[in-house]
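Residues per chain are reported as follows:
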Amino acid sequence: MTERVLPGSTIGILGSGQLGRMLAQSARRMGYRVHTLSPGRDTPTGQIADREIVAEYDDLDAIAAFARGVDVVTFEFENVAYSAAESAARHAPVRPRGEVLHVTQNRLREKRALVAAGLPTAPFEAVNDLAELEQALDRVGRPAILKTAGFGYDGKGQARLDYDTVPAEAWAAIGAGPAVLEGFVDFQAEFSVVAARSVHGQMVDYGLIENRHANHILDVSIADMPLEPPQQKRAREIARTVLESLDVVGVLCVEFFLSRDGSLIVNELAPRPHNSGHLTIEGCLSSQFDQQLRAVCGLPLGDTQRLFPVAMANLLGNGWQQHTPDWASALRDPRVNLHLYGKAMPAPGRKMGHLTVRGDSRDDAAQRALSARASLAIK
Ligand code: AMP
């Protein structure tokens, strides 16, 4: 199998959401063809791709046929089954390799991998039944957060255990399945480091991106979080250690908590471009999607240099059924760039698009992003 996949070749993307769409946009710009596979039709990625293949992720014959028709396979959705990645790998290089999916799609495996690499996590315990939850609570203490071990994102499958929460209720709330109990981190801020690693082990990252959440979903990201240089260095080292220890080829995001005492704690990993990195499209010389493309194609990585203070505000589908967002108002500030993902059905909490905004400073960028979004009059 060739290491290099040159322009003119075909990229296969498993998954068809906005992350695949933005990867496909980078790929198109560099002269690649794009195929996508997912159970959906007229998907955000499919609208940009040359071919949209409709199949379930567990249809291994369809996955094999898909892989035979492309030059490299990557994914934009990490809950693709490991067996699907393995089936694809018989016909085309899969980058990052299926093992990375296998580790990161299960919170317990992920946390154990972090511990094995000597990296800091919140205290945690595996929980498989109510009795184990009660024992885990004694060790981890309260408050704590119970999270399903698999297939969780944006705070889904999570229950907080405060001092007065009845464990059986939290256990029922997450569906009474394999879980992880995590100590609650009293954090002062959340941030992420998006990093890329090439086939040859070259690594780059975008520094610290501050993330503000609303209802457990990312709301606003601001580039260049002003932490002390030793903390910045440490966070970037942690990210690089993760990519190296998992032997990632592609992009991976490490989400961090900055605790009250200033220590850094890894919350979770996403083995792909991340919502917080969308601001790199306009804000950096090479975006996180350009890097994913270059990495999975075996090419040298691009320069991550940030060009100006930049912030991103997510656009969720809340209130879109009632009225169409006032796009023209949001664009009145000429520094606002609008990204919409081509999703036909807005729904509360559904990521429909985002705004990226250039500011004179970080605060100015964040403020402009918030006011542009407010002028859409959808909340
Ligand atoms: P997750 O899906 O694990 O990223 O969780 C979503 C959000 O819930 C995080 O971004 C935090 O804001 C919050 N959260 C998750 N785990 C913890 C924790 N152990 N302590 C405090 N807040 C948490």
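Scroll up a little and you will see the structure.
The paragraphs below set out a description of the structure included in this document. (Residues numbered from 1 in each chain as written. Predicted model: local features only at pLDDT ≥ 70, side-chain atom pairs only at ≥ 80, totals over all residues. Heavy atoms only, no water.)

## Things to note about helix α2 (residues 60-68)
Okay, step 1: Among the residues making up α2, those that are buried are A62, I63, A64, F66 and A67.
Okay, step 2: Looking at the buried positions of α2, the neighbouring elements they touch are β1 (10-14), β2 (33-38), β3 (51-54), β4 (72-75) and α3 (82-89). (Buried < 20%, exposed > 50% of the residue type's maximum accessible area, 1.4 Å probe, protein only. Helix = DSSP H or I, 4+ residues; strand = E, 2+ residues; numbered from the N terminus. Contact = heavy atoms within 4.5 Å.)

## Digging into a nonpolar patch on the surface
Okay, step 1: Together, L331, L338 and L340 give the surface a local cluster of nonpolar side chains, amounting to about 210 Å² of exposed area.
Okay, step 2: Among the secondary structure elements, L338 is positioned in strand β15 (residues 336-340).
Okay, step 3: Under the relative-accessibility criterion, L338 is labelled partly exposed at 30%. (Patch = residues over 30% accessible without salt bridge, like charges linked within 9 Å, V, L, I, M, F, W, Y side chains within 5 Å. Areas by Shrake-Rupley, 256 points an atom, 1.4 Å probe, with all protein chains shown as cover. Salt bridge = Lys/Arg side-chain N within 4 Å of Asp/Glu carboxyl O.)

## Some points on the packing of α2 against α3
Okay, step 1: The geometry of α2 relative to α3 is characterised by a closest axis approach of 8 Å and an angle of 40 degrees between their N-to-C directions. One element, α2, and the other, α3, form an angle in the oblique class. Between α2 and α3 lies a crossing of right-handed hand. Residues L60, I63, A64 and A67 of α2 pack against S83, A84, S87 and A88 of α3.
Okay, step 2: Broken down by class, the residue content of the contact of α2 with α3 amounts to six nonpolar, two polar and no charged. (Axes fitted to C-alpha atoms, helices over the stretch in contact; angles between N-to-C directions. Parallel < 35°, antiparallel > 145°, perpendicular 65-115°, else oblique. Left-handed = near helix turned anticlockwise from the far one by under 90°. Nonpolar A, V, L, I, M, F, W, Y, C, P; charged D, E, K, R; others polar.)

## Describing helix α6 (residues 130-140)
Okay, step 1: Residues of α6 that are buried include every one of L133, A136, L137 and V140, and no others. One side of α6 carries all its buried residues, which in axial view fall inside an arc of 105 degrees. Opposite the buried face of α6, by more than 90 degrees, sit the exposed residues D138 and R139.
Okay, step 2: In the core, the buried residues of α6 are packed alongside β5 (124-127), β6 (144-148), β7 (158-161), α7 (167-173) and β8 (179-183).
Okay, step 3: A side-chain oxygen of the first residue of α6 lies 3.2 Å from the backbone nitrogen of A131; this N-cap is D129. (Arc of directions from axis to C-beta. Polar contact = N/O pair within 3.5 Å; in protein donor to acceptor, adjacent residues only side chain to side chain.)

## What about the sheet that holds β3?
Across a sheet, paired strands are connected by hydrogen bonds in the backbone, their directions being either parallel or antiparallel.
Okay, step 1: Here four strands make up an open sheet; going across it, the order is β3-β2-β1-β4 and the pairing parallel. Of all strands in the sheet, those with a lone pairing partner are β3 and β4, marking the two edges. On average, adjacent strands in this sheet sit at an angle of 25 degrees to one another, irrespective of strand direction.
Okay, step 2: Here β1 runs beside β4; their pairing, made up of four bridges, is parallel. What sits directly across from I13, in β4, is T74. (Pairing = 2+ DSSP bridges.)

## Points about a negative patch on the surface
Okay, step 1: There is a patch of like negative charges on the surface, built from E56, D58, D59 and D61.
Okay, step 2: Looking at where D58 falls in the secondary structure, it is placed in the loop between β3 and α2.
Okay, step 3: Exposure remark for D58: the relative accessible area of 63% places this residue in the exposed category. (Lys, Arg positive; Asp, Glu negative; His and termini not counted. Charge placed at Lys NZ, Arg CZ, Asp CG, Glu CD.)

## With respect to the site of the ligand
Okay, step 1: Neighbouring residues of the ligand: 17 residues in total, closest K147, E182, V185, E190 and E268.
Okay, step 2: Separating an oxygen atom of the ligand from a side-chain N or O atom of R107 is a distance of 3.2 Å.
Okay, step 3: Interatomic distance of 3.0 Å between a backbone N/O atom of G183 and a nitrogen atom of the ligand.
Okay, step 4: In isolation the ligand offers 470 Å² of accessible surface; the protein chains occlude 95% of this area.
Okay, step 5: Of all the elements in the fold, those that place two or more residues in the shell around the ligand are β6, β8, β9 (187-197), β12 (250-259) and β13 (264-270).
Okay, step 6: A class-by-class count of the residues in the shell around the ligand yields five nonpolar, six polar and six charged. (Near = heavy atom within 4 Å.)

So far we have only geometry, and geometry alone does not tell us how the molecule works.
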